[in-house]
Amino acid sequence: MTDRWTDRLSDYLDDALSTSDRRELESHIRDCGDCAAALEDLRAIVASARALAARDVERGMETDLWPEIEARLRDIPVRAVPEPVREPWPVHRLSFSMAQLAAACVAVLLLSATAVWFAHDWGRRETLARSAAGGGLITAVPATSAPAEAAQNEIASLKRVLDERRDRLDPSTLRAIEESLAAVEAAVEQARLALEADPDDPYLVAHLEEMASRQLTLLRRAVDLAGGAE
Amino acid sequence: MTPPTTLVAPVRSGAEAEDVSRAQRGDLRAFERLYRAHVARVGGLVRRMMGMEHSLDVTQDIFVRVWQKIGTFRGESAFGTWLHRVAVNVILQKRASLRTERERFLSDEIALETAPARGRTDARDFDVERAIARLPQGARTVFILHDVEGFTHEEIGVFLGVTAGTSKAQLHRARMILRDHLTR
């Protein structure tokens, strides 16, 4: 038994026919006992296949492979993944205490300062990039494309400035900044250690760049908040 | 009839997410819990794709690979879905090392034609497991990945390096071979 619909039965079962083809096939099946029987058999086979996965779970695994797997894993250096970095300031609040309102004000200030910084600094970077390219239109250089020496120097410099101006910041703001910086620095360090163990892993490279970028951004925000660079 | 939407047992609430997070930081006990939650499904997949001979070794290899790669899991899909993708890749690599997968996919013979004949069996009682094992490898691979595991033809195409159309054709072929066996 074969006709032009035979090879379309699987598409029909998988909902892969156009509406018009589906209607035509359904009309055909009403008159073609062979196709109707084939469709019924295929439907039963597909249903049986789908039941296999559930049966696997019911049966479980007869052999416990864990002891051997565990022994193998102990010989493999752990590819550490940094703890999730805490967002510097909470953003989901349903009710606010006075302290939380103050923190919200700080967040708004920081966002504003960051926006100003980005508007200012991004334009400066594009200008520098254009100059370097002889005035041609090129993509702006990312703020931290790698934990390069220049970025490390900037981080050290910003830390010194922030340390000198800590008394200009509200204690609760300073505490929030320091906690966030500690979290980001820990993440950078973990990413760096992980990358040492596996220098070719592109995920770790990208992760370290992202963490270093966050660290730099956070420090710049904090210095801006403490009075900006002088 | 639409493909199954879940490849594995539903995500085990926040507990599994917590175990994934812990395992990403090197916690072997958390990884053991993930292993125990998923090994039955992974073992079934390996057994069908590889046969009994290699199933235990390859299942071990899969969980070792998952441990090595778990740091790259970003939570963009369910953990079980991600784990099964890793599993399929390990299986296909293993099979490729035993025989060139693509050659077999395109040129294998219909093994069921030599299978012992059986009387008409109701499809619901049909020993689909045994019949799957006798399918030609290309058709069997697609049938398992699509009808048992729930991958789409597009995903299968990526796994096997073939087009979605080729995957569809192999699936229909597999189902029709199984039906032939059923109606002998």
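Rules behind the numbers
Residues numbered from 1 in each chain as written. Chains lettered and ligands numbered in written order. Predicted model: local features only at pLDDT ≥ 70, side-chain atom pairs only at ≥ 80, totals over all residues. Heavy atoms only, no water. Axes fitted to C-alpha atoms, helices over the stretch in contact; angles between N-to-C directions. Helix = DSSP H or I, 4+ residues; strand = E, 2+ residues; numbered from the N terminus. Parallel < 35°, antiparallel > 145°, perpendicular 65-115°, else oblique. Left-handed = near helix turned anticlockwise from the far one by under 90°. Contact = heavy atoms within 4.5 Å. Buried < 20%, exposed > 50% of the residue type's maximum accessible area, 1.4 Å probe, protein only. Salt bridge = Lys/Arg side-chain N within 4 Å of Asp/Glu carboxyl O. Buried area = accessible area lost by both parts, 1.4 Å probe. Nonpolar A, V, L, I, M, F, W, Y, C, P; charged D, E, K, R; others polar. Core = buried A, V, L, I, M, F, W, Y, C linked by side-chain atoms within 4.5 Å.

Q: Give me the lowdown on the packing of helix α3 (residues 33–59) of chain A against helix α2 (residues 28–50) of chain B, citing residues and values where you can.
A: Contact pair α3(A) / α2(B): the axes reach a minimum separation of 8 Å and the direction vectors enclose 120°. Here α3(A) lies oblique to α2(B), going by the angle between them. The element α3(A) and its partner α2(B) pack so that their crossing is right-handed. Contacts between α3(A) and α2(B) involve L52(A), A53(A), D56(A), V57(A) and R59(A) from the first element and A40(B), R41(B), G44(B), R47(B) and R48(B) from the second.

Q: I'd like a rundown of helix α7 (residues 137–148) of chain B, residues and numbers included.
A: For α7(B), a buried count of 12 out of 12 residues is recorded, marking the element as mostly surrounded by other parts of the structure. Directly after α7(B), the chain includes G150(B), whose backbone phi takes a positive value near 85°.

Q: Would you mind going over the pattern of salt bridges in detail, with residue names and values included?
A: Inspection of the entire model under this criterion finds 24 salt bridges over all chains. For R74(A), the salt bridge identified is with E70(A), shortest N-O distance 2.7 Å. With R74(A) and E70(A) both in helix α4 (residues 66–74) and four residues apart, the pair spans about one turn of that helix. For R74(A), a relative accessible area of 55% gives the class exposed. The exposure class assigned to E70(A) is buried, which follows from its relative accessible area of 14%. Between E149(B) and R41(B) there is a salt bridge, and its shortest N-O distance comes to 3.3 Å. Residue E149(B) is located in the loop between α7 and α8 (153–160), and its partner R41(B) is located in helix α2; the two are separated by 108 residues in the primary sequence.

Q: Outline the interface of chain A and chain B, listing residues and values.
A: Taken together, the contact between chain A and chain B spans 49 residues of the former and 50 residues of the latter. Each partner contributes to the roughly 4600 Å² buried at the junction of chain A and chain B, and carbon and sulfur atoms together form 61% of this total. Of all residues in chain A, the largest losses of buried area upon contact with chain B belong to I45(A), R50(A) and W66(A), amounting jointly to 15% of the total for that side. Linking chain A with chain B are eight salt bridges. Between R72(A) and D61(B) there is a salt bridge, and its shortest N-O distance comes to 3.0 Å.

Q: I'd like a rundown of unusual backbone geometry, residues and numbers included.
A: In this structure, D15(A) takes a positive phi of about 60° despite not being glycine. As for its placement among the helices and strands, D15(A) is situated in the loop between α1 (9–13) and α2 (19–31).

Q: Just give me the short version of the packing of α2(A) against α3(A), but keep the residues and values in it.
A: Residues and elements named next belong to chain A. Where α2 contacts α3, the two axes come as close as 6 Å, and the packing angle between them is 110°. If you check the angle between α2 and α3, you find them roughly perpendicular. The hand of the α2/α3 crossing is left-handed. In contact with H28, I29 and D31 of α2, α3 contributes G33, C35, A36 and L39. Of the residues contributing to the contact of α2 with α3, the split by class is four nonpolar, two polar and one charged.

Q: How would you sum up the nonpolar core? Please name residues and give values.
A: In terms of nonpolar packing, the biggest core is built from 56 residues, with L73(A), F31(B), I62(B), F79(B) and F143(B) touching the most fellow members. Ranked by the residues each element gives to this core, the list is headed by α2(B), at 10 residues. Not counting the four nearest positions on each side in its chain, F79(B) is found in contact with E16(B), V20(B), L34(B), H38(B), V66(B), I70(B) and F73(B). Grouped together as the second largest cluster of nonpolar side chains are 18 residues, I177(A), V188(A), L208(A) and V223(A) included.

Q: Please provide a residue-by-residue account of the environment of A164(B), values included.
A: Residues and elements named next belong to chain B. Summarising the element assignment, A164 is placed in helix α9 (residues 164–183). With a relative accessible area of 23%, A164 lands in the partly exposed category. With 10 residues separating them in the primary sequence, A164 and E154 have C-alpha atoms 5.1 Å apart. In this view, A164 contacts H153 and E154; residues no more than four positions away in its chain are not counted.

Spatial relationships are all this shows, so hold off on functional conclusions.
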